[in-house]
Amino acid sequence: MESFSNSYAQARSKFLAAAEHRGLAIQSVIHPLRGPDDEILATDVVRLGVAAAKRTLYVTTGVHGVEGYYGSGVIVQWLRDGWVPPADIKVILVHACNPHGFAWGRRFTEENVDLNRNFWSLDQVPEPNAAYAEIQHLVEYSGVGADSIEHCQQQLAEYLQKNGAANFKIALSGGQPQSSQGLFFTGTEPTWARHTYEQLVRQHTQGSDHVFYMDLHTGLGPRGYADFLHQYATGSTELNHLVSYIGERVLGDERDEATAQGLEGTTISCFSRHAKELGYSLLGGAIECGTTPLDRTLEALLQETALHRHGCDDDQLAAQIRQQLKDVFYVNEDDWKQQVFEQTCDIRQGAINYLTDLQPEAKP
């Protein structure tokens, strides 16, 4: 699919060109830093439908930088297809919420923060993660050389045999505030990307009665399968709505324990706070498209984080590590692209149906 790209610069160019071809107004929030080729970095936004519409479908991409290839390809194709929502619904498309990570081939922000752990309440800074502290010596490699990696891998193999891969992933990815150069760092203050994300959510959902949001991600689950992750309790009205309109994928039958992990400080937290403050009903979650086996994804993250932390004089090895990370979050093959695109369109249609069916006075 030609809507997908091989670099951030190409992805942004395609998004802007598709929006301009449609005659859409483009809002760009420029990042203070530049890309690897000195290109401008930005979070770009377009709106389909009228601004006064009271029902909003809000779609965000690239929260995890390098995962932005999927979301970018999907929304660029929507623009190229000429898709328009029903007259009483507006659609907000946000391209590259973490443009620095996207451009530099990282999952994290320029502060090494996992943006999807950075939305904690400002009146309560995250507490140290004891589970991460127990495995910190296994995952924060002392370098990118073979000896450093092999030493940690031997210890990690023993840990995995005793505790299991799912428990390891939960301990690793739950978010931690104590190691600023480690993995899944929550940050100890809001990042540029968080400020921008919150500013845009407030701007484009204010005045809405109902909002459905979709945050597009990759990296967990079966190859080519688009899961729908949420935080609604079994039997809740919200979950019943999701099952009715999105389908049984929201129940997680294809989901393992690690994928189903509950997280703090996510984009879900951001939307929930704004919904409460601005007075609109909220439904939605994250689309998570499977790529490669979990162990390969985790190893790519560990090595790339070590590269970022320690650097590497071997340019070929550094390039190999960066490519490895890209490959575990973006399957650059036509069948995968078609699969995730079609499933995301199906979920989009379910969201539109949900918003369409709501009565003006209804607040689910």
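Residues numbered from 1 in each chain as written. Predicted model: local features only at pLDDT ≥ 70, side-chain atom pairs only at ≥ 80, totals over all residues. Heavy atoms only, no water.

## Some points on the nonpolar core
In terms of nonpolar packing, the biggest core is built from 80 residues, with Leu172, Phe212 and Met214 touching the most fellow members. In contact with Met214, not counting residues within four places along its chain, are Leu57, Tyr58, Val59, Thr60, Trp78, Gly285, Ile287, Thr344, Ile347, Arg348 and Ala351. Counting residues in hydrophobic clusters, the runner-up holds 22 residues, among them Val45, Tyr197, Tyr213 and Cys270. (Core = buried A, V, L, I, M, F, W, Y, C linked by side-chain atoms within 4.5 Å. Buried < 20%, exposed > 50% of the residue type's maximum accessible area, 1.4 Å probe, protein only. Contact = heavy atoms within 4.5 Å.)

## Regarding the state of the cysteines
A complete count under the given rule lists zero disulfides for this structure. Considering cysteine sulfurs only, Cys312 is the nearest to Cys152, which forms no disulfide, with 16 Å between them. We classify Cys152 as buried; its relative accessible area is 5%. Of all cysteine sulfurs in the structure, the one in Cys97 sits closest to Cys270, which takes part in no disulfide; the separation is 9.8 Å. (Disulfide = S-S within 2.5 Å.)

## Some remarks on the packing of helix 7 (residues 192-205) against helix 9 (residues 267-278)
One can describe the packing of helix 7 onto helix 9 by two numbers: an axis separation of 10 Å at closest approach and a directional angle of 40 degrees. The angle between helix 7 and helix 9 places the two elements in the oblique class. As for the relative orientation of helix 7 and helix 9, their crossing is right-handed in sense. Between helix 7 and helix 9, the residues in contact are Arg194, Tyr197, Glu198, Val201, Arg202 and Thr205 and Thr267, Cys270, Phe271, Arg273, His274, Glu277 and Leu278, respectively. A breakdown of the residues in the contact of helix 7 with helix 9 according to their chemical character gives five nonpolar, three polar and five charged. (Axes fitted to C-alpha atoms, helices over the stretch in contact; angles between N-to-C directions. Helix = DSSP H or I, 4+ residues; strand = E, 2+ residues; numbered from the N terminus. Parallel < 35°, antiparallel > 145°, perpendicular 65-115°, else oblique. Left-handed = near helix turned anticlockwise from the far one by under 90°. Nonpolar A, V, L, I, M, F, W, Y, C, P; charged D, E, K, R; others polar.)

## Some words on the packing of aromatic side chains
Tallying each qualifying case throughout the model produces 16 aromatic pairs. With 4.7 Å between their ring centres and 10 degrees between their planes, Tyr69 and Tyr330 make a pair best called stacked. Taken together, the residues Tyr69 in helix 2 (residues 68-81) and Tyr330 in the loop between helix 11 (315-329) and helix 12 (334-357) connect sequence positions 261 residues apart. Following the ring pairs from residue to residue traces out a cluster consisting of Phe4, Tyr8, Tyr69, Tyr70, Phe102, Tyr330 and Trp336. It is Arg194 that lies over the ring of Trp120; its NZ or CZ is 5.5 Å from the centre. Directly above the ring of Trp78 sits Arg348, whose terminal nitrogen or CZ lies 4.7 Å from the centroid. (Phe/Tyr/Trp six-rings, centres within 6.5 Å; stacked < 30°, edge-to-face > 60°. Lys NZ or Arg CZ within 6 Å of the ring centre and 35° of its normal.)

## Quick notes on helix 10 (residues 294-310)
In this model, helix 10 (17 residues) spans 24 Å end to end at C-alpha, consistent with the 24 Å of a helix rising 1.5 Å per residue. Among the residues of helix 10, those classed as buried are Thr297, Leu298, Glu299, Ala300, Leu301, Leu302, Gln303, Glu304, Thr305, Ala306 and Leu307. Packed against the buried residues of helix 10 are helix 4 (130-139), helix 5 (146-163), helix 6 (165-173), strand 5 (210-223) and helix 11. Count one or two residues on from helix 10 and you reach Gly311, which has phi positive near 75 degrees. (Expected span 1.5 Å × (residues − 1).)

## A few points about the side chain of Thr297
Within the element layout of this structure, Thr297 appears in helix 10. Judged by relative accessible area, which is 4%, Thr297 ranks as buried. Ignoring any residue separated from it by four or fewer positions in sequence, one finds Thr297 in contact with Gly219, Thr291, Thr292, Val328 and Phe329.

## What to know about the sheet that holds strand 5
Pairing within the open sheet is mixed, and its seven strands lie in the order 1-2-4-3-5-7-6. Every other strand in the sheet has two partners, leaving strand 1 (26-34) and strand 6 (226-229) as the edge strands with one partner each. Adjacent strand axes in the sheet meet at a mean angle of 20 degrees, parallel and antiparallel pairs treated alike. With six bridges connecting them, strand 1 and strand 2 (residues 40-48) associate as antiparallel partners. Bridge pairing links Ile26 to Val46 in strand 2. The strands that helix 1 (residues 8-21) touches are strand 1, strand 2 and strand 4 (89-95); relative to strand 2, the one it contacts most, it runs at about 30 degrees. (Pairing = 2+ DSSP bridges.)

Shape descriptors only; they carry no functional weight alone.
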